[in-house]
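# Summary of the model geometry
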2 protein chains.
Amino acid sequence: MNTVFKALNDPTRRKILELLQERDMTAGEIVEHFNISGPSISHHLDLLKQANLVFSEKDGQYVYYSLNITVVDEIVKWFMQFKLKKK
Amino acid sequence: MNTVFKALNDPTRRKILELLQERDMTAGEIVEHFNISGPSISHHLDLLKQANLVFSEKDGQYVYYSLNITVVDEIVKWFMQFKLKKK
DNA sequence: ATAGTATTTAGATATTTGTCTAAATATTTA
DNA sequence: TAAATATTTAGACAAATATCTAAATACTAT
């Protein structure tokens, strides 16, 4: 849970999630959407992976990134405790 | 949204939210739940307030803190985009 | 008014974080 | 095999963050 909130605490990483929500992309394609160096984006992708928010799959010289929605369930569940218990 | 994710990116602050979900508390009561100095907790409460995650109300020499759930709606909505659009 | 309690503000410090460039690794193509 | 392309790793650095102690502010009670 720590890694998830950490991963979400950056506008660039949240934007990456929104991009991947449209379609899967290679690291390079993701880089093109930002004015940030490749290595920096690579680092962001690593943090998203550590948080289990994205998958990565190598295909030749490319690496495809895609969303992993299963963790979103956990987060929403965490927030729901605040909605529910307040009467 | 930035301030919200920032506020959530700390275990102490998330614990404070969970405490307040049980009942409203004074700053001092909150401090008792942690091995962290009063000023540090005060700073955490300030960040939670900036994110509109908590209210504070002064009553005599005490300051009562309570949850503000309205922001939770926005966050859940943000996460829902990932649940919905993936077909 | 003085002393005591509750909380916040100020300032300092060590750690974490986001970014960069340069270099390394992996793959494709000429 | 050599050159080109895609991506990650390594190392450096400035900015942000969590924490502390000391001091300031605000209120209560003797």
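Cut-offs and rules
- Residues numbered from 1 in each chain as written.
- Chains lettered and ligands numbered in written order.
- Predicted model: local features only at pLDDT ≥ 70, side-chain atom pairs only at ≥ 80, totals over all residues.
- Heavy atoms only, no water.
- Helix = DSSP H or I, 4+ residues; strand = E, 2+ residues; numbered from the N terminus.
- Buried < 20%, exposed > 50% of the residue type's maximum accessible area, 1.4 Å probe, protein only.
- Contact = heavy atoms within 4.5 Å.
- Areas by Shrake-Rupley, 256 points an atom, 1.4 Å probe, with all protein chains shown as cover.
- Near = heavy atom within 4 Å.
- Polar contact = N/O pair within 3.5 Å; in protein donor to acceptor, adjacent residues only side chain to side chain.
- Nonpolar A, V, L, I, M, F, W, Y, C, P; charged D, E, K, R; others polar.
- Axes fitted to C-alpha atoms, helices over the stretch in contact; angles between N-to-C directions.
- Parallel < 35°, antiparallel > 145°, perpendicular 65-115°, else oblique.
- Least-squares fit on C-alpha atoms with pLDDT ≥ 70 in both.

As annotated in an unreviewed UniProt entry, chain A carries the name Autorepressor SdpR family transcription factor and is attributed to Terrimonas ginsenosidimutans.

Let's shift gears to the overall build of chain A. Tallying secondary structure elements over chain A gives five helices and three strands in all. In chain A, the succession of helices and strands from N to C terminus is α-α-β-α-α-β-β-α. Taken across its 87 residues, chain A has 41% of its residues classed as buried. Put simply, of all contacts in chain A between residues at least 6 apart along the chain, 51% involve residues at least 24 apart. A total accessible area of about 4,900 Å² is found for chain A, and carbon and sulfur atoms account for 49% of it.

A word on the protein's contact with DNA strand D. Close to DNA strand D lie 25 residues, the nearest being Gly 28 and Tyr 65 of chain A together with Lys 6, Ser 37 and His 44 of chain B. Ala 27 of chain A places a main-chain nitrogen or oxygen 3.4 Å from a phosphate oxygen of DNA strand D. Between DNA strand D and Ser 37 of chain B, the relevant distance is 2.8 Å, taken from a phosphate oxygen to a main-chain nitrogen or oxygen of the residue. The set of elements that each furnish at least two residues to the surface near DNA strand D consists of α3 (27–32), α4 (38–50) and β3 (62–67) of chain A together with α4 (38–50) of chain B. Its residues assigned to classes, the surface near DNA strand D comprises eight nonpolar, 13 polar and four charged.

Okay, the packing of helix α2 (residues 11–22) of chain B against α4 of chain B next. Residue and element names in this part refer to chain B. At a minimum axis separation of 10 Å, α2 and α4 run at an interaxial angle of 75°. Regarding the angle of α2 to α4, the classification is roughly perpendicular. Counting all contacts with α2, which are made through Thr 12, Arg 13, Ile 16 and Leu 17, the residues of α4 involved are Ile 41, His 44, Leu 45, Leu 47 and Leu 48. Split by residue class, the contact of α2 with α4 holds six nonpolar, two polar and one charged.

For these two chains of identical sequence, chain A goes onto chain B by a turn of 180° and a shift of 0.0 Å along the axis, with RMSD 0.0 Å. One copy is carried onto the other by what is essentially a two-fold rotation axis. Residue by residue, 100% of the interface of chain A is reproduced at the interface of chain B, so both copies engage with the same surface.

Residue and element names in this part refer to chain B. You can see Ser 66 is positioned in strand β3 (residues 62–67). Among the residues examined, Ser 66 registers a relative accessible area of 14% and is labelled buried. Once the C-alpha coordinates of Ser 66 and Lys 49 are considered, the two residues, 17 residues apart in sequence, prove to be 10.0 Å apart. Once residues within four sequence positions are removed from consideration, Ser 66 is found in contact with Leu 20, Asp 24, Leu 53, Val 54 and Phe 55.

Our next topic: the protein's contact with DNA strand C. In the vicinity of DNA strand C lie 25 residues, with Lys 6, Ser 37 and His 44 of chain A together with Gly 28 and Tyr 65 of chain B positioned nearest. Backbone sugar and phosphate groups make up 74% of those atoms of DNA strand C lying within 4 Å of the protein. In this structure, Ala 27 of chain B approaches DNA strand C through a main-chain N or O atom, which is 3.4 Å from a phosphate oxygen. Within the contact set of DNA strand C, a base oxygen lies 2.9 Å away from a side-chain nitrogen or oxygen of Gln 61 of chain B. For the surface near DNA strand C, the secondary-structure elements that each account for two or more residues are α4 of chain A together with α3 (27–32), α4 and β3 of chain B. Looking at the surface near DNA strand C, the element that brings in the most residues is α4 of chain A, giving five residues. Partitioned by chemical class, the residues of the surface near DNA strand C number eight nonpolar, 13 polar and four charged.

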